[in-house]
Amino acid sequence: MLFRSNSPREYSADRVSGRTLVISTTNGTAALHACRAAREILVGAIVNRAAVAAAIRLLAATDERVHLVCAGTDGEPSAEDVLAAGAILDAAAADGPADVLDAAAAAARGMFRDLVAGQQGHVPGALGRAFAQSPGGANLIALGMSDDLATCAQIDTLEIVPRLDRECGCLRQEIGRAHV
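Note that the structure is a prediction, hence the values are computed from the model and not measured.

This next bit is on the pattern of salt bridges. Counted under the stated rule, the structure contains five salt bridges. With a closest N to O distance of 2.6 Å, aspartate 148 and arginine 9 form a salt bridge. Within this pair, whereas aspartate 148 is found in helix 8 (residues 147-152), its partner arginine 9 is found in the segment before helix 1 (13-16), the two being separated by 139 residues in sequence. For arginine 9, a relative accessible area of 42% puts it in the partly exposed group.

Okay, here's the thing in structure tokens:
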């Protein structure tokens, strides 16, 4: 089966379950490569933020430093990635003690918290609007894929944490907290 894009709406469980997928992205692939020296490499987004937050809490218990790397768009930081990093940091803070954050991490968490403050039940809409104003969002809109923005703005809809398997150079689906 051939998928024509990297739209998350094309990759439903019934279409991809039990299959090996090959996906190449300009920015995501470069970000994974830049992290190749890390002990563990996980992939996170708004849609799996709580699962990633739990996973990094486990990693932080054995390594005092955890780095969140934003892939960006065309080599530049993008709001959707910074908001996702901030959302993951916000969820991780709910699970444990206050962490020492560098300036970029504190700014990302602050950006997420500022965006969702007072949204009560309307957070995905606020995230979708912020995504639409970003360079990556503008690219999707120009390609006629604006529906992807709403899909990507859904918080905690996935409990998987993709982890880089260095032996095959591929991402493996890790489910929930226990597998990290």
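Read on, since the account is not over.
Right, let's get into the confidence of the model for the protein chain. Per-residue confidence for the protein chain gives a mean pLDDT of 85; residues scoring 70 or more make up 92%. Across the protein chain, helix 5 (residues 103-116) holds the top mean pLDDT of 94, while strand 2 (residues 170-175) sits lowest at 78.

To continue, consider the nonpolar core. If you look at the biggest cluster of nonpolar residues, it comprises 14 residues, and the most contacted ones within it are Ile46, Leu83, Phe112, Leu127 and Phe131. Counting residues per element, the ones that place at least two in this core are helix 4 (79-95), helix 5 and helix 6 (123-132). When residues of this core are assigned to their parent elements, the largest contribution, four residues, is made by helix 6. Discounting chain neighbours no more than four positions away, the residues touching leucine 83 are Ile46, Met111, Phe112, Leu115, Leu127, Ala130 and Phe131.

With that settled, the discussion passes to the layout of surface pockets. Estimates place the volume of the second largest pocket at around 670 Å³. Contributing to the lining of the second largest pocket are 25 residues, with Val66, His67, Leu89, Leu101 and Ala105 lying nearest its centre. Mapped onto the lining of the second largest pocket, the elements with two or more residues apiece are helix 3 (49-62), helix 4 and helix 5. Among the elements that make up the lining of the second largest pocket, the one with the highest residue count is helix 4 (four residues).

What follows covers helix 5. Taking 1.5 Å per residue, 14 residues should reach 20 Å; helix 5 reaches 20 Å between its end C-alpha atoms and fits that length. Among all positions of helix 5, only Ala105, Ala108, Arg109, Phe112 and Val116 are buried. Angularly, the buried residues of helix 5 cover 95° about the axis, an arc narrow enough to put them on a single face. The outward face of helix 5, more than 90 degrees from its buried face, is lined by the exposed residues Ala103, Ala104 and Asp114. The first or second residue beyond helix 5 is glycine 118, which carries a positive phi of 75°.

Assignment of secondary structure puts aspartate 90 in helix 4. Within polar-contact distance, the side chain of aspartate 90 engages the side chain of arginine 113 at 2.6 Å. Each residue touching aspartate 90, except ones within four places of it in the same chain, is listed here: Arg49, Arg109, Phe112 and Arg113.

Let us look at the packing of helix 5 against helix 6. It is at 9 Å that the axes of helix 5 and helix 6 come closest, and there the two elements cross at 120°. As summarised for this structure, helix 5 and helix 6 are arranged oblique, according to the angle between their axes. Crossing geometry of helix 5 relative to helix 6 is assigned as right-handed. On the side of helix 5, the interface is formed by Phe112, Leu115 and Val116, while helix 6 contributes Val123, Ala126, Leu127 and Ala130.

Calculation criteria
- Residues numbered from 1 in each chain as written.
- Predicted model: local features only at pLDDT ≥ 70, side-chain atom pairs only at ≥ 80, totals over all residues.
- Heavy atoms only, no water.
- Salt bridge = Lys/Arg side-chain N within 4 Å of Asp/Glu carboxyl O.
- Helix = DSSP H or I, 4+ residues; strand = E, 2+ residues; numbered from the N terminus.
- Buried < 20%, exposed > 50% of the residue type's maximum accessible area, 1.4 Å probe, protein only.
- pLDDT = per-residue confidence, 0-100.
- Core = buried A, V, L, I, M, F, W, Y, C linked by side-chain atoms within 4.5 Å.
- Contact = heavy atoms within 4.5 Å.
- 1 Å grid on protein atoms, 1.4 Å probe; cavity = no way out; pocket = protein on both sides within 12 Å on 5 of 7 lines; lining within 4 Å.
- Points joined across faces, edges and corners; volume = space filled by probe spheres on them.
- Expected span 1.5 Å × (residues − 1).
- Arc of directions from axis to C-beta.
- Polar contact = N/O pair within 3.5 Å; in protein donor to acceptor, adjacent residues only side chain to side chain.
- Axes fitted to C-alpha atoms, helices over the stretch in contact; angles between N-to-C directions.
- Parallel < 35°, antiparallel > 145°, perpendicular 65-115°, else oblique.
- Left-handed = near helix turned anticlockwise from the far one by under 90°.

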